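Now for the letters of each chain:
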Amino acid sequence: MSVLELCDPEAASVSVEATVADAVNIMLDYHVGAVGVVDSEGRVAGIFTERDVLRKLSLSGLDPRTTPLRELMTTPVELATTLTTPGEALAIMLERHFRHLPVVDSVGKLLGMLSIRNVLQWRVDDLAQELDSLEQYVSNDGPGG
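Here goes a summary of the coordinates provided.

So, how was this worked out
- Residues numbered from 1 in each chain as written.
- Predicted model: local features only at pLDDT ≥ 70, side-chain atom pairs only at ≥ 80, totals over all residues.
- Heavy atoms only, no water.
- Helix = DSSP H or I, 4+ residues; strand = E, 2+ residues; numbered from the N terminus.
- Buried < 20%, exposed > 50% of the residue type's maximum accessible area, 1.4 Å probe, protein only.
- Contact = heavy atoms within 4.5 Å.
- Pairing = 2+ DSSP bridges.
- Axes fitted to C-alpha atoms, helices over the stretch in contact; angles between N-to-C directions.
- Salt bridge = Lys/Arg side-chain N within 4 Å of Asp/Glu carboxyl O.
- Arc of directions from axis to C-beta.

## Some thoughts on the environment of Val 37
(1) Moving on: The residue Val 37 is located in strand β2 (residues 34-38) in this model.
(2) Moving on: For Val 37, a relative accessible area of 0% corresponds to the buried category.
(3) Moving on: Between the C-alpha atom of Val 37 and that of Ser 2, which follows or precedes it by 35 residues, the distance is 22 Å.
(4) Moving on: Not counting residues up to four positions away in its chain, the partners in contact with Val 37 are Val 14, Ser 15, Val 16, Arg 43, Val 44, Ala 45, Gly 46, Ile 47, Phe 48, Leu 69 and Met 73.

## Some details on the sheet that holds strand β5 (residues 100-104)
(1) Moving on: Strands sit in the order β4-β5-β6 across an open sheet of three strands; the sheet is mixed. Of all strands in the sheet, those bounded by a partner on one side alone are β4 (80-81) and β6 (110-115).
(2) Moving on: Across two bridges, β4 lies against β5 in parallel orientation. If you follow Ala 80 over to β5, its bridge partner there is Val 103.

## Side note on the sheet that holds strand β3 (residues 44-49)
(1) Moving on: One open sheet accounts for three strands, arranged β1-β2-β3; its pairing is mixed. Two strands bound the open sheet, and with one partner strand each, they are β1 (13-15) and β3. Across the sheet, the axes of successive neighbouring strands diverge by a mean angle of 30°, strand direction being ignored.
(2) Moving on: The pairing of β1 with β2 spans three bridges and is classified as parallel. Of the residues in β2, the one forming a bridge with Ser 15 is Val 38.
(3) Moving on: Lying over the sheet, helix α2 (residues 20-30) contacts β1, β2 and β3, oriented at roughly 70° with respect to β3.

## Description of the pattern of salt bridges
(1) Moving on: Going through the model one piece at a time under the given rule, you end up with six salt bridges.
(2) Moving on: Glu 17 serves as the salt-bridge partner of Arg 70, at 2.6 Å between the closest nitrogen and oxygen. Taken together, the residues Arg 70 in the loop between α3 (50-57) and β4 and Glu 17 in the loop between β1 and α2 connect sequence positions 53 residues apart.
(3) Moving on: When the shortest N-O distance is used, the salt bridge between Asp 63 and Arg 65 registers 3.1 Å.
(4) Moving on: Overall, Asp 63 belongs to the partly exposed group, its relative accessible area being 27%.

## Structural notes on unusual backbone geometry
(1) Moving on: Here Thr 75 and Pro 76 are connected by a cis peptide whose omega angle stands at -5°.
(2) Moving on: By secondary structure assignment, the location of Pro 76 is in the loop between α3 and β4.
(3) Moving on: Even without glycine at this site, His 31 takes up a positive phi of about 60°.
(4) Moving on: With respect to the helices, strands and loops of the structure, His 31 is situated in the loop between α2 and β2.
(5) Moving on: Residue His 31 is classed as exposed on the basis of its relative accessible area of 73%.

## A look at helix α4 (residues 86-96)
(1) Moving on: Along α4, the positions that sit buried rather than exposed are Pro 86, Ala 89, Leu 90, Ile 92 and Met 93. Viewed end-on, α4 has its buried residues packed into an arc of 160°, placing them on one side of the element. Exposed residues pointing more than 90 degrees away from the buried face of α4 are listed as Leu 94 and Glu 95.
(2) Moving on: Residues of α4 that are buried make contact with α1 (3-6), β5, β6 and α5 (116-139).
(3) Moving on: Positive phi appears at His 97, one or two residues downstream of α4, with a value of about 60°.

This is the structure:
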């Protein structure tokens, strides 16, 4: 399975020219914890997450309606590609304490946003299937072992 198949059907993104309020509204509209920040070509320029809201905005006194997103977005961004396996993505996310990982094509264009929730659900499903197979193997064992 490709990491792109684990992503939500439509990646939440916002222009690098947007304000912080624009990004927060997109996050609320899509019910997600992060948006990809893209340039005019659709390439990832940064990421803006709930953590950015908490760490960079909440106590700053900045007005989200007038603060340019580029001032608070996280950059550089760790990226996954369509060649990244779900296992590799999970390892990156766990090691780096990321909850979101943009998935891009060969030129850096945003294709999807991978959430740790999506990857963990894939892993749980995979383990459940493995358990079912093992239970079936054990229960189908014939007489004499």
